[in-house]
Every structure is written in C-alpha cells, then in structure tokens.
Amino acid sequence: QWPQPLGNFRARITEELLLDDGVTVTRMFALDGWRHDGTRLPSIRVPVSKFPAMSWIMEEWGTRAVLRAGQSIKDYLREAIQLLSRPGYRRLYTHTGWRRVADGGWVYLTASGAVGREGFEVDLPRLERYRLPSIPDKARMGTEISLKLLDVAPWSLTVPLLGSVYRAVLGGVIPTDYSLWLEGPTGSYKSTLAALFLCHWGAFTRLTLPENWSSSANFLERAAFTLKDCWLVVDDYHPTALESRQQEQNASRLIRAQGNLSGRGRLRADLSVQTTFVPRGLIVGTGEQHPGGQSLVGRMLVLEVDGGRVRLPLVSSLQRSAGLLPHALAGFVEWLAPQMADVRAVMIETFEQARDTAVQAAKRHARIPEIVAHCWTGFKALVDYAKDLEILTPEGAETLQDRAWEALLNVAEDQTAQVEEERPSRRFFRVVEVLVLQHHASLRFRTKEESMTEKPPDVIGWYDTEYLYLLPEAAFQAVTKFAKDTGEPFTLRQSRLYKDMEREGLIERGSDSFTTVVRLGGQPRRVIKIRRDRLPVIIGVPFVVPGEGGIKEILGSEEGAAF
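In short, a report on the structure. For clarity, every value in this text was computed on a predicted model and none was experimentally measured.

**Examining the nonpolar core**
The biggest cluster of nonpolar side chains holds 113 residues, and the ones touching the most others in it are Tyr108, Val152, Val169, Leu180, Trp201, Trp231 and Phe379. Residue contributions to this core peak at twelve residues, all from helix 12 (residues 367-388). Dropping the residues within four chain positions of it, tryptophan 201 is found in contact with Tyr108, Arg129, Tyr130, Arg131, Leu132, Val165, Ala168, Val169, Asp229, Cys230, Trp231 and Leu329. Residues Phe429, Leu443, Phe445 and Ile530 belong to the second largest nonpolar core, which totals 32 residues.

Spelled out as structure tokens, the structure:
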C-alpha cells in the first residue's frame, strides 16, 4: 500500500549551483539530509551528472542513509527529492582574476568576492587565502609598503619579483608566457621572499605557500588554471632519488605549459572533449636548483637568491606590515578597471619598446628580452599607479625607473649565461672533456704513421691541429650514459644534436649528411668533423685534451693541447 518509505532518511535540494571557471559552467545540487530519527546528515554537493544514479547517497552519507530494496526505488527517490525541493539558484565563480560582466565592466575576483563590487561569490577550495579587500581604503599605505619590498634584497632580484606581481594582474589584458624561478641553497630565504611578495594576494608565509613540486602534475595544472591573473607559487624543488623523475616531469610540464600558454588535451570516456587547463596566471617556482634543458630555462627567469644579501631586519619589518599589501593590489585593480578597454595598446607599446632595447643584452635568445619586457611592463604600471597616488613625484619616478631598468638589464645578461649553460652542444663537449679527463674515453691524436686497424673500445674519436673527428654513435652513447649515471640525463636525440652543431658552425659536413669519411686508424671511418676554432665560442672555455697518466702515449706531440 502507498505511501511506502523509500529509505530511512529524507533529502532536499537546497540550492542549484552554477560553478563558472571562466571556460565552462558546471551545474551542481547542494543537498541537506536528515535520518528518520531527526539526526542531521552533512550538507553535500552532488554534480548533476551523478544525481540520477543515486550512488552519491552511500558515497557521501555512508551507512547512515539506507535506500530500500527494489528495482525502481532509486528512481522514485530521485523524483521525490526533485518534486519536493524548492532550491535557490546561485552562480559561483571558481577562479581568481578578471572577468567581464554583463554591464560591460570588468571585475577582479578573489576568494572574498569582487574588488569594489557586490554580488559576486567565489569558491576556491584549498586556495581561500587568495583574498583582496572589497574596499581598499589603505591603498596608499599598502603601495608604499609594496615599493619598500625593492630594498629587501639586491634589485636584480626584487625588481623582477615586484614587476611580475603587477604583470600577473595585467594578465587579464595580455596573458603572461613566462615563469619565475627562485634558486638558492637551504637557508637562503627563497621561500620567505616568495611568500612575502605573494602577500599582495593575501596572508601567506613560507609554511602556507599554495603548492609544492611533490604534488601530482594534474593537480598543479588545475591550480595554474584556477589562479587566473595571480601568482601560483610552487615550492621546494629538490629531486631526490625517490621523487627525481616525478618532480622533473612536473616542473617541465608546468613551465612549458606556461611558456606556451597551452594545456594537455583530454577526452572523456564517451570521447567528448574535456576542458583544457591552460595556465592563466604566473608560475613562481622555488628550489635548490632549477630543472634543466635549454628550452625550459629559456621559458623562465632564474633568479639566484643569496641569503647573505637578504636584509633580514627589513624583511621582518615588512612581514609585520604585509597585511597592507592586499590593499595595494586591490587599489591597483580599482585604478586599472576603468582603463581595461584602452590599456592593451599602452601595454603593447611599453612591452615592445622594452623588448627591443633589451635585445642588446641577450642577442641570441629571443625569449629573454621578452621576459625582461614583461617584468618592465608590470613595474612601469606600478610606477604609474604610484604617481597617480602622489607617492612618487615625476622626478622620483624617473629615477626609480632608471635604476630598475639597469637592474633588469643585468638580469638579462645573467639569464643569457644560464641559457648558454644549458646549450646542448656545450653540455656535450663538456661531458666529452670529463670523460677523457677521467679516463672513461679517449681521443687519439691523428698521425700519418698510425696503422691501427681495430679501434680500442674506449676510443670515441681522433683529433689534429684543426679538427676533432668524433665517431658519431660511440661519442653520443658515451655522453648519454655518463649524463644518465650522474642524474642529469641528456635527452636530445642524436640527429637533433648534430643538426644544432651544424647550425652553430661546429660541423664541417659531408656532401649529403652530417658525417664525412676520413682515414683514421688505418682505415676509412665515417665521423663528425668538428672545427676546433669554433669550440671556445660554443662552450665558453678552452676545450682541453689532457696529456697525463694512462693516455699520454696516444696524444703524441699534441700532449696537453687546448682548443
């Protein structure tokens, strides 16, 4: 007989939620529940796609909520819950940063809502610390504190950091396609500095930084998508034997995604396309070292932190005043919002002028001048804002900008050196040098009298006064094995390496390939013919063939020769 109980509990949909991440809108039901004895069950959220199956009952409420047995019971229960509920409707934004709204204006979102506007709710699980005041009534004081951050360490460190804070906010106009990396030994205060500058978005310390490199790649990717027009600080890169591969892959994937403004495409089980989580803010990594690879280092600005040059008393003082920094950023947002329609053209002009000037400091690396120009664009916007607040006079602003620009040019030179260190050809020949020094491989001096018909197993090539003659496979295998054994894999393919060497003017190639046939060891051999006069240009220091110990006899008259 009817009515019959469908279970030992009752449930109501209290709200229908629209979760808006800026790309897709996901609908969810918020439900309350009670057992038959009146005991309150925890409030829950259920995605609309999972609601009809009713499996969420046991997943969320466990054994406390029991559904009656029967084929159609779950369908009756679903119908009853929907018919008897009177839900409200709410839109929740699930990201930070800029959004254009219905009236044509722009709002900047954090966990506390929209700066200067009411009626915007933001849901940021695990990222609730990102919150700016709705009314930045202490913007002037906060901006004064923000500018004082320049003096906590050398300007070659603090100018890129502070410029990147305000450049991240400008990402709502032109996305940022670079990352910052703070590098230094344990105790150099890199995490402390990262947290202090991150305090522009809320209350952070070195113990409450948003993420770390031990998290999964998918987790970091989602955080970089959620934190739009903000910093995402990922702390503590220290690849141990256990986590080395995971951390290297995480860093490579995330920094490359930021540099390319791209994400990893995915399909659902039904082959429909999922949301691609493209980084929408600015990634700041910290670690005792940075991930290797020329292309990866070229996508980030590596900043060396020397703990001995960090002004700790000033850091401590500014940490006590860090609660004012969100007012500085919220004030900047309010100042910027009415200009959003016109600021793009100004940004492009500022960026292009800075990039073209910075090219002189990093002639061979197109990305480095662009990164410097990004930092300058953010810094210049801060200076313009400070002038409007009358914190800086026109003369004071000009002096500040001149000094900051000089610091950024020094950073460009240092970054050029960092990228050069990661040049594959440079790494290759430095490893060859180490192999010969440590007697793991040998180079024979080429002589006319040499009649060797079989090459010893450790010989990777020959040399004379003009060339190195490397056996392609033997030399490449020796280098890649050594690199792998020392924990810094050489991942470039052999063909790609030799193509790069040819482009750099190192290889004197044959008529139809990178190799050429030369008579060596008493017989014709196909070798990579390397010009000695180009080696110092590429590797930065003389390439030395040692002439001592067990290999003296094979070096002949060129003993101790340096190319």
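More follows now that the structure is in view.
**Quick word on the pairing of strand 4 (residues 88-93)**
Taken together, the six bridges between strand 1 (residues 9-20) and strand 4 define a ladder with parallel strand orientation. Within strand 4, the residue paired with aspartate 20 across the bridge is tyrosine 93. Strand direction decides the pairing type here: strand 4 and strand 8 (residues 121-122), joined by two bridges, are parallel. Residue pairing across strands places tyrosine 93 opposite valine 122, the latter belonging to strand 8.

**Section: the sheet that holds strand 2 (residues 25-35)**
Reading across from one edge, 3-2-1-4-8 is the order of the five strands in this open sheet, with mixed pairing throughout. In this open sheet, the two edge strands, each paired with only one partner strand, are strand 3 (40-47) and strand 8. Sitting on the sheet, helix 2 (residues 73-84) is in contact with strand 1 and strand 2, with an inclination near 70° to strand 1.

**With respect to the packing of helix 3 (residues 139-148) against helix 10 (residues 325-336)**
Remark: helix 3 packs on helix 10, axes separated minimally by 7 Å, with the N-to-C direction vectors making an angle of 110°. On the basis of the axis angle, helix 3 is roughly perpendicular to helix 10. Within the contact between the two elements, helix 3 uses Ala139, Gly142, Thr143, Ile145 and Ser146 and helix 10 uses Leu325, His327, Ala328 and Gly331. Grouping the amino acids of the contact of helix 3 with helix 10 by side-chain chemistry returns four nonpolar, five polar and no charged.

**A look at empty space enclosed by the protein**
Scanning the model with the defined rule gives one cavity of 30 Å³ or more in all. A volume near 50 Å³ is recorded for the largest cavity. If you go around the largest cavity, the residues you meet are Ala217, Leu220, Glu221, Ala224, Asn250, Arg253, Leu254, Ala257, Phe277 and Pro279. Only helix 6 (217-226) and helix 7 (244-260) provide two or more residues apiece to the lining of the largest cavity. Taken together, the residues of the lining of the largest cavity break down into seven nonpolar, one polar and two charged.

**Digging into unusual backbone geometry**
Here the phi dihedral of arginine 126 falls at roughly 75°; this positive angle occurs in a residue that is not glycine. Backbone geometry at aspartate 229 places phi at a positive 60°, although glycine is not the residue there. Secondary-structure assignment places aspartate 229 in the loop between helix 6 and strand 11 (231-237). Taking relative accessible area as the criterion, aspartate 229 reaches 0% and is therefore assigned buried.

**Brief notes about the packing of aromatic side chains**
For the structure on display, the rule yields 23 aromatic pairs. Between phenylalanine 9 and tryptophan 61 the ring centres are 5.9 Å apart and the planes differ by 70°, which places this aromatic pair in the edge-to-face class. Placement of phenylalanine 9 in strand 1 and of tryptophan 61 in helix 1 (residues 56-61) is noted, with a sequence separation of 52 residues between them. Comparing phenylalanine 9 with tryptophan 61 shows no difference in burial state: the two are buried. For the pair tryptophan 376 and phenylalanine 379, a centre-to-centre distance of 6.2 Å together with 25° between the ring planes defines the contact as stacked.

**Here we look at helix 11 (residues 340-358)**
Here helix 11 spans 27 Å end to end across 19 residues, near enough to the 27 Å set by a 1.5 Å rise per residue. When helix 11 is considered as a whole, its buried residues turn out to be Met340, Val343, Met347, Thr350, Phe351, Ala354 and Ala358. Seen end-on, helix 11 carries its buried residues on one side only, within an arc spanning 105°. Seen from the open side of helix 11, the exposed residues pointing more than 90 degrees away from its buried face are Ala341, Asp342 and Ala345. Where helix 11 is buried, its residues meet strand 5 (97-100), strand 6 (106-110), helix 4 (155-169), helix 10, helix 12 and helix 13 (394-421).

**Some details on the pattern of salt bridges**
In this structure the tally under the stated criterion is 24 salt bridges. In this structure, the salt-bridge partner of lysine 228 is aspartate 229, at a minimum N-O distance of 2.9 Å. Across this residue pair, the class does not change: lysine 228 and aspartate 229 are buried. Put simply, Glu15, Arg90 and Glu121 are held in one network by salt bridges that share partners.

**Quick look at the layout of surface pockets**
The calculated volume of the second largest pocket comes to roughly 550 Å³. If you go around the second largest pocket, you meet 21 residues; those closest to its centre are Thr94, Pro125, Arg222, Thr226 and Phe277. When residues of the lining of the second largest pocket are traced back to their parent elements, those giving at least two are strand 2 and helix 6. When residues in the lining of the second largest pocket are grouped by element, the largest group, four residues, is from helix 6. Residues of the lining of the second largest pocket, tallied by class, amount to eight nonpolar, six polar and seven charged.

Criteria and cut-off values
Residues numbered from 1 in each chain as written. Predicted model: local features only at pLDDT ≥ 70, side-chain atom pairs only at ≥ 80, totals over all residues. Heavy atoms only, no water. Core = buried A, V, L, I, M, F, W, Y, C linked by side-chain atoms within 4.5 Å. Buried < 20%, exposed > 50% of the residue type's maximum accessible area, 1.4 Å probe, protein only. Helix = DSSP H or I, 4+ residues; strand = E, 2+ residues; numbered from the N terminus. Contact = heavy atoms within 4.5 Å. Pairing = 2+ DSSP bridges. Axes fitted to C-alpha atoms, helices over the stretch in contact; angles between N-to-C directions. Parallel < 35°, antiparallel > 145°, perpendicular 65-115°, else oblique. Nonpolar A, V, L, I, M, F, W, Y, C, P; charged D, E, K, R; others polar. 1 Å grid on protein atoms, 1.4 Å probe; cavity = no way out; pocket = protein on both sides within 12 Å on 5 of 7 lines; lining within 4 Å. Points joined across faces, edges and corners; volume = space filled by probe spheres on them. Phe/Tyr/Trp six-rings, centres within 6.5 Å; stacked < 30°, edge-to-face > 60°. Expected span 1.5 Å × (residues − 1). Arc of directions from axis to C-beta. Salt bridge = Lys/Arg side-chain N within 4 Å of Asp/Glu carboxyl O.

That's the geometry; what it means functionally is another story.
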